[in-house]
Each structure stands twice: as structure tokens, then as C-alpha cells.
Amino acid sequence: MDAHAGSQQTAENSFPAEQPTRMTKTQTLTLISMASVNFSSMICYSILGPFFPNEAIKKGASQTVVGLIFGCYAVCNLIGSMVMGKYIVQIGAKFMLIAGLFVSSVCTIVFGLLDRAPAGAPFISLCFIVRSIDAVGFAAAMTSTFAMTAKIFPNNVATVLGSLEIFTGLGLILGPPVGGWFYHSFGYEVPFLLLGCLLLIMVPFNIYVLPSIEAEPSKDSFFQLLLHGKVILICFVIVTLSAGLGFLDATLSLFAMKMFNLSSGYVGLIMIGLSLPYCLASPLIGYFTDKYPVTRIGFTVLGGVITAVCFFLLGPAPFFHIPSKLWLMVLMLGLIGFSLGMTAIPTFPEIIKCAHEQGFEEGLSTLGMVSGLFGCFTVPSWAALSRSS
């Protein structure tokens, strides 16, 4: 019994809290692996936007049903993230990530073959089924990514998370134009087959590269984590950001086309002005908040205030009596992207800190629950950024 406990303690402490200045080989390979997972997962996730709605309508789906097909992904991801976060120790972090990648890659390939399904109810039903399973696989991969990042880089969580957001943003930005180009050049099936195979290649690569992390399951639960008032406030902040981005996704393109007589191509370029500042700001904010942890709450509050002010000036609001200007809208979008990084990046390490203050064990089980909680609220933000780009 003592030997078993000793081996578990060794496994838990295989990544020491005090890290050398230079990264170890394991940390370097893990960072490369996580970056490739984020990029390939996000580019596969975001390719549907330019062409799937029209294809679905041709197959007999209404615009409402198309919206529900997109929406079921977020719902299943929310549920999947919390379940995977709770049972990450029992499943195994490495196995969860690899299995999630495999499921997502297969679902992406299968989704590319759905144009061969009969129109109407069979096509719509298969879309819901495949998209829902894909969301669970995506939740497994992302939850494991967050947890392993926090475990392997305990003193640089925000820095590494911010750096990985560069690859997340690149995948979200490149997915729609790449998917649209392949669709117009080769048809419906090719974008899904190519990008699904790209994701499938990540499976053997990560089997070889990623370290195995062993730990004992914890008796703590999500409900105990949510009893912490600060955690509830942080979740509220992330939800409101996601709602704001969803609002932009639904209305801004129509507003820009009507107000400034822009084509959809120019609107797409304008919306990249929202994603790009977020990608560039995230690593800088992550580095600063890791170096000065006391600034995390300040960054989150300041980012929220800037976002609120920018939303007021985006239109602008009628009571300002300021005429709409294209340069003002572009400037506000850029500031919203930057402030999104200020608000979102510090929240993950802050939730970890709150969990430890609540008496949670410092191990993979706690990191898994925090990752599941963080992931289930951040995916709607990624979805809005993806469709906007």
C-alpha cells in the first residue's frame, strides 16, 4: 500500500512546480503537440461556415434547423467538457486527448460524406448525430489539452495558454477561407476529407510525443468548485463575453453591408480585425499575468470595461448622437479583440487558484475539472470568432 502511494505521488510530482529557465525536451514536445492539436482541431471545426448552410438548405433543411445543427455542437461540448473534466484521471489525460482527436477526425470525414444521404429527415438526423459526436470528441481533446498544459507548465499556465491561442486563432481564421476555396474548387466532400485526414495524422504524432500523466481520482466535484463566489463571477464574465460575440456574429455583418454598402468579402476582412488582435494580445497578456499574478483580476475587470465601452461605440449607441463611421467600427472591433484577450486569458489560472483556496487537491483531477469548466464556456466564444472570420 505504501509503495503504491509512493508511486502515485511520484507520478503526480513528475512535473515539478519549480521549473528551470529553459524548457525541457518533454515540455518542448508537449508545446508543439498542443499547438498542432489546437490548430488542426480549430481549422476542422470552422470550415463549415462558408458553404454548409446552403448545402443543408438544398437538402431540405430550414434556416432554423441549420442553426440548431450548429447549436447542438455547443450544447454537446458543454456537457462533454464537464463529464470529461470530472473523469480525466480515470480515462487518462493522454488517452482522452488521442481518443478525442480520433473521434473528431472520423466525424469530420463522415460529415463530408453526408451529401450522399437522402434529402430531408435522413440527412438532417445524420447531421445532428455526427455533429454531436464530434462535439464530444472535441471536448475530450480540448479538456485534456488545458489540463495537461496546467500540469506540465504549472508556473506559466497563462503564458502557455496565451501562446496556444495564437494557433487557435489561426485555425479559426484560416478555416472558413480554406474550406470555402476547397469547396468551390473540388466540391462538398474534399474539404472535410482533407482536413479530417490532417486531424487523423495528429493521432500517431501525439501517441509518440505526449507524456503519460498518472494520478489518483479526487472526491471533489464541480458543485464544490462552483460554491466559490469568485469562480461564479469568472464564469459569468466568460458567458457574457460569449454572448457579446454571438451578438456580433448575428448582426454586425448585416449592419456593415447595409450601412457602408460593403460586400461580404470586405465584411470578412473587417471581422478578421476582431480575431487577429486577440491572437496577438493573448501571449503578451498571459506572460504578464504569470509574472505578476496579482494583476489577473485587474486585467479581467479592465478588459470587461473596455469591451463594454467599445460595444457602446460600435454602432455607435443612438444616445451619443455620433454618425456611424467605418473607421470607428474597425477600431472598436480591434479593441474588442484585444480586450477579449485581457479578460479571458487570466481566468483559467485564476480558477485554478480558487480551486486550491477551496481545498481542492493540487493534482490532475482538479486541473481536469477546471479545464472542463473553462472549456464548456469558452467554445461559444471560439464559435463566434470562427463564424465572424
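Here the structure is shown first, and the text comes after it.
Residues numbered from 1 in each chain as written. Predicted model: local features only at pLDDT ≥ 70, side-chain atom pairs only at ≥ 80, totals over all residues. Heavy atoms only, no water.

### A short note on the packing of aromatic side chains
We count it as follows: Geometry of aromatic contacts follows a simple scheme: Phe, Tyr and Trp rings, the Trp one being its six-membered ring, pair when their centres are within 6.5 Å, and the pair is stacked under 30 degrees between planes, edge-to-face over 60, tilted otherwise.
Under the definition given, this model contains 13 aromatic pairs. Put simply, the rings of Phe52, Phe111, Tyr188 and Phe192 pair up and form one aromatic cluster.

### Some points on the environment of Phe123
Filter applied, for reference: Each helix is a run of DSSP H or I of at least 4 residues and each strand a run of E of at least 2, with the numbering of both proceeding from the N terminus. Using a 1.4 Å probe on the protein chains alone, a residue whose accessible area is under 20% of its type maximum counts as buried, one over 50% counts as exposed, and one in between counts as partly exposed.
Inspection of the secondary structure puts Phe123 in helix α7 (residues 121-152). According to the relative accessible area criterion, Phe123 is buried, its value standing at 2%.

### Describing the packing of helix α4 (residues 63-86) against α7
Selection rule: With axes taken as lines fitted to C-alpha atoms, and helix axes fitted only over the stretch in contact, angles between N-to-C directions fall between 0 and 180 degrees. Crossing handedness: left-handed means the near helix sits turned counterclockwise from the far one by under a right angle, and right-handed means the same turn made clockwise. Note on contacts: a residue pair is in contact if any heavy atoms of the two residues lie within 4.5 Å. Nonpolar residues are Ala, Val, Leu, Ile, Met, Phe, Trp, Tyr, Cys and Pro. Charged residues are Asp, Glu, Lys and Arg, and all others, Gly as well, are polar.
Interhelical geometry of α4 versus α7 gives an angle of 35° and a closest axis separation of 7 Å. Here the hand of the crossing between α4 and α7 comes out right-handed. Here Val65, Leu68, Ile69, Phe70, Cys72, Tyr73, Cys76, Asn77, Gly80, Ser81, Met84 and Gly85 of α4 lie close against α7, whose contacting residues are Ile124, Cys127, Phe128, Arg131, Ser132, Asp134, Ala135, Val136, Phe138, Ala139, Ala140 and Thr143. Within the contact of α4 with α7, the residues separate by chemical class into 16 nonpolar, six polar and two charged.

### Observations concerning unusual backbone geometry
Omega for the bond connecting Gly315 with Pro316 falls within 30 degrees of zero, at -5°, which places this linkage in the cis form. One can find Pro316 in the loop between α13 (296-314) and α14 (326-344).

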